[in-house]
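Overview (structure and organization)
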Amino acid sequence: MIADYFASDTVQTALDILKTQFPIAIWETVYVTILSTAFSIIIGLPLGVLIVAGEDGKILKIPKAVLSVLNVIINLLRSVPFLILMIMVFPLTRLIVGTVVGTPASVVPLVIAAFPFVARLVESSLRELNPNIIEMAQSMGSSPFQIIAKVMIPESMPSLISNMTIALTTILGYSAMSGILGGGGLGKIAINYGYYRYQYLVMIFAVVFLIVLVQLFQSLGTYLATRTDKRLKNR
Amino acid sequence: MIEIQNLTKTFQTSGGTVEALKGISLTVEDGDIFGIIGMSGAGKSTLVRCINMLERPTSGNIIIDGKDMGKLSNKELREERRNITMIFQGFNLLMQRNCLKNVCFPLELAGVKKSEAVKRATELLNIVGLGDKLSSYPAQLSGGQQQRVAIARALATHPKILLCDEATSALDPQTTQSILSLIREIHDKLGITVIVITHQMSVVEQICTKVAILDKGNIAEVGQVSDVFAAPKSDAAKRLVYPEGYESSVSIQEDEKVFRVVFNGAMTTNKPMIAQMAIDLNIAANIKAASTQCIGDKAFGNMILGISGGEEELKKAMEYMGNMPNIHVEEIVK
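Along every chain, residues carry numbers that run from 1 in the direction the sequence is written. Ligands are numbered from 1 and chains lettered from A, in the order in which they are written. Selection of residues for local features in this predicted model requires a pLDDT of at least 70, selection of side-chain atom pairs for listing and counting requires 80 or more, and totals for whole chains, interfaces and linings are taken over all residues. Only heavy atoms go into the side-chain values, all of them from the structure, while hydrogens and water stay out.

1. Regarding the overall build of chain B
This is how the line gets drawn: A run of H or I in DSSP becomes a helix once it reaches four residues, and a run of E becomes a strand once it reaches two; helices and strands are each numbered from the N terminus. Relative accessible area decides the class of each residue, using a 1.4 Å probe on protein chains only: under 20% of the type maximum gives buried, over 50% gives exposed, and in between gives partly exposed. Contact criterion: two residues are considered in contact whenever any of their non-hydrogen atoms come within 4.5 Å of each other.
Per the secondary structure count, chain B includes eleven helices and 14 strands. If one aligns the C-alpha atoms of chain B with their principal axes, the spans along those axes are about 80 × 45 × 35 Å. Across the 334 residues in chain B, those meeting the buried criterion constitute 51%. A separation threshold of at least 6 residues defines the contact pool for chain B, and within that pool the share at least 24 residues apart is 69%.

What follows is the structure, encoded as structure tokens:
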């Protein structure tokens with residue numbers, strides 16, 4: 001059976017697919033992942049900041065009820081399995097993109113699924129910050145906005161970069177999953193050829209490229225995180 | 001001038017309400033180096049945080065140069081805080097900024113032009129002796145150097161008041177010395193008012209002109225440092241001034257009278273004074289506790305002596321000791 005995968009004609013078709021379809025699929029996966037991560041950060045970062053800065057009214061005076069609602073929404077979105085969420089947001093996707101199939105359309109559910117995750121990651125990064133630093137900034141006359149923009153975010157930058165790398169690789173995985181419901185990229189190829197047409201070799205190729213992409217993103221993220229961290233001496 | 005009037009602060013904790021400050025009134029004159037000393041939990045940190053409203057007092061007022069800090073709007077308070085800066089036990093530098101940018105931080109907050117901020121920061125780092133570390137990051141500096149950066153940062157906005165919250169408690173004795181002399185030097189040069197929070201008597205001794213002793217949320221004693229040191233009146237002050245010779249730790253026999261001998265720079269190091277007293281008065285004293293140190297040939301510290309016999313002997317012994325220059329005696333009544 002395994003030998004069948006490597007029969008010369010299967011290998012030949014797989015190689016053909018590799019040449020004709022993979023470049024565009026890789027490109028689609030990369031751009032969907034990066035775009036979705038970018039939008040998730042645009043939405044998730046401010047939410048994470050609000051949760052931490054608003055806690056007990058320490059930095060920002062946000063009503064407790066608003067924070068509770070925010071937390072509930074984040075938890076709700078985080079508990080819905082991605083594929084189901086994707087179907088649930090079809091109306092929204094249609095509204096924004098005009099269609100629910102295709103690569104650009106998959107960005108909408110990816111962002112909806114990922115921004116709550118990003119908000120939580122941002123929250124955990126900002127919580128690592130020494131509270132005395134915030135007190136110092138307040139004692140020097142910082143406004144709440146200055147505390148966020150000049151202290152909380154820059155001081156947490158290495159941790160934020162590491163956590164955003166985690167978000168990016170997770171979104172990459174989700175984007176592959178979106179191939180089942182019309183999303184494009186490597187996930188679609190793996191499902192279409194490997195699951196529907198039994199061309200496992202093609203699926204393996206797709207998986208290998210996914211692994212390579214995750215590795216690349218992770219290494220880049222780790223490199224940037226250590227590079228920016230000035231707490232590491234003698235660098 | 002800083003006027004603290006009837007300040008109280010209570011905290012609600014899961015274990016009930018905690019009264020951190022129970023009605024503190026205190027006046028700090030311009031140009032003082034004012035020490036606030038107390039054991040941990042005495043309320044020192046809460047008190048200093050009330051001065052710049054990092055903690056809102058439960059009741060009472062903080063009036064700085066006629067301005068009631070509690071009545072300022074948020075914006076006015078932020079501006080006022082540029083006049084009352086603070087250094088901390090943990091230095092609290094921004095770890096992702098180099099020294100120069102750390103010192104620029106309060107200037108950025110105040111909206112000072114970048115070129116001017118850099119100029120001022122460079123100047124200050126030179127003053128604190130770190131002119132060669134402008135582009136070093138805090139993690140590359142020692143604790144003492146980090147505190148110097150923090151001092152430079154605190155001075156950036158030309159403050160009138162510098163609050164030092166246990167600023168030397170995380171440093172070794174030698175570095176403590178150098179930081180204290182830097183604070184003193186800055187005080188003398190700029191004439192700013194300095195409030196020093198500490199649990200170490202040696203810190204107060206070294207740089208403060210006045211001292212308030214804080215005990216369980218109350219002020220136990222206030223005065224000139226030299227007065228409080230020579231004759232501490234309150235229990236809390238005695239515990240701090242005589243950490244090893246505190247009277248309640250001394251067991252006293254029934255037929256024994258005890259008194260304290262305080263050495264305030266007495267030239268006694270080459271005089272066998274207790275033996276001499278035994279010869280001269282025929283009174284044998286028992287050393288119950290002692291904590292003295294010699295600086296040059298002068299003695300500092302105190303000693304608790306026990307005399308067996310009656311009032312008469314005690315009186316004679318106290319007179320004998322008390323007549324020596326720079327020695328102060330007091331009876332300890334059990």
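2. Side note on the interface of chain A and chain B
To be explicit about the condition: Here, a salt bridge means any side-chain nitrogen of Lys or Arg that lies within 4 Å of a carboxyl oxygen of Asp or Glu. Pairing of N or O atoms within 3.5 Å defines a polar contact, subject to two protein rules: one partner must be a possible hydrogen donor and the other a possible acceptor, and residues neighboring in sequence count only if both atoms are side-chain atoms. Ten residues, namely Ala, Val, Leu, Ile, Met, Phe, Trp, Tyr, Cys and Pro, are considered nonpolar, four, namely Asp, Glu, Lys and Arg, are considered charged, and the remaining ones, Gly among them, are considered polar.
Contact with chain A, which involves 25 residues of that partner, is made by 24 residues of chain B. Here chain A and chain B share two salt bridges between them. Two residues, Glu108 of chain B and Lys150 of chain A, come together in a salt bridge whose shortest N-O distance is 2.8 Å. Counting every contact that joins chain A to chain B gives nine residue pairs in polar contact (both at pLDDT 80 or more). Elements with a minimum of two residues in the side of chain A that touches chain B: helix H7 (131-139) and helix H8 (144-155) of chain A. Counting residues per element, the side of chain A that touches chain B draws most heavily on H7 of chain A, which supplies seven residues. By residue class, the composition of the side of chain A that touches chain B is eight nonpolar, ten polar and seven charged.

3. Concerning the pairing of strand E9 (residues 210-215) of chain B
Residue and element names in this part refer to chain B. What counts here: Here, strands pair whenever DSSP counts at least two bridges between them.
When strand E3 (residues 33-37) meets E9, the two strands line up parallel, connected through four bridges. Each residue of the ladder has a partner; that of Phe34, found in E9, is Lys210. Where E9 and strand E10 (residues 218-224) come together, six bridges link them in antiparallel fashion. Of the residues in E10, the one forming a bridge with Ile213 is Glu221. Taking the residues between adjacent antiparallel strands as the criterion, E9 and E10 are bridged by two residues, where Lys216 takes a positive phi near 45 degrees.

4. Re the nonpolar core
Test applied: Buried Ala, Val, Leu, Ile, Met, Phe, Trp, Tyr and Cys residues form a nonpolar core when they are joined through side-chain atoms within 4.5 Å.
Among the nonpolar cores identified, the biggest contains 56 residues, and Met152 of chain A together with Ile4 and Ile62 of chain B are the most heavily contacted of them. Setting aside residues up to four positions removed in sequence, Ile4 of chain B forms contacts with Ile24, Ser25, Leu26, Leu47, Ile51, Asn61 and Ile62 of chain B. Counting residues in each nonpolar core, the second largest holds 52 residues, with Ala117, Ala121, Val194 and Val196 of chain B among its members.

5. Considerations on helix H11 (residues 311-322) of chain B
All names here are of chain B. Put simply, the test is: Between the first and last residue of a helix there are one fewer steps than residues, each counted as 1.5 Å, and that sum is the expected span. Note: the arc covers the axis-to-C-beta directions of the helix.
For H11, with twelve residues, the first-to-last C-alpha span of 16 Å sits near the 16 Å given by 1.5 Å per residue. By the burial criterion, the buried members of H11 are Leu314, Ala317, Met318, Tyr320 and Met321. Axial view of H11: buried residues confined to an arc of 160 degrees, hence all on one face. In this structure, H11 carries Glu312, Lys315 and Glu319 as exposed residues pointing more than 90 degrees from its buried face. Contact partners of the buried residues in H11: strand E11 (256-266), helix H10 (273-281), strand E13 (298-308) and strand E14 (327-332).

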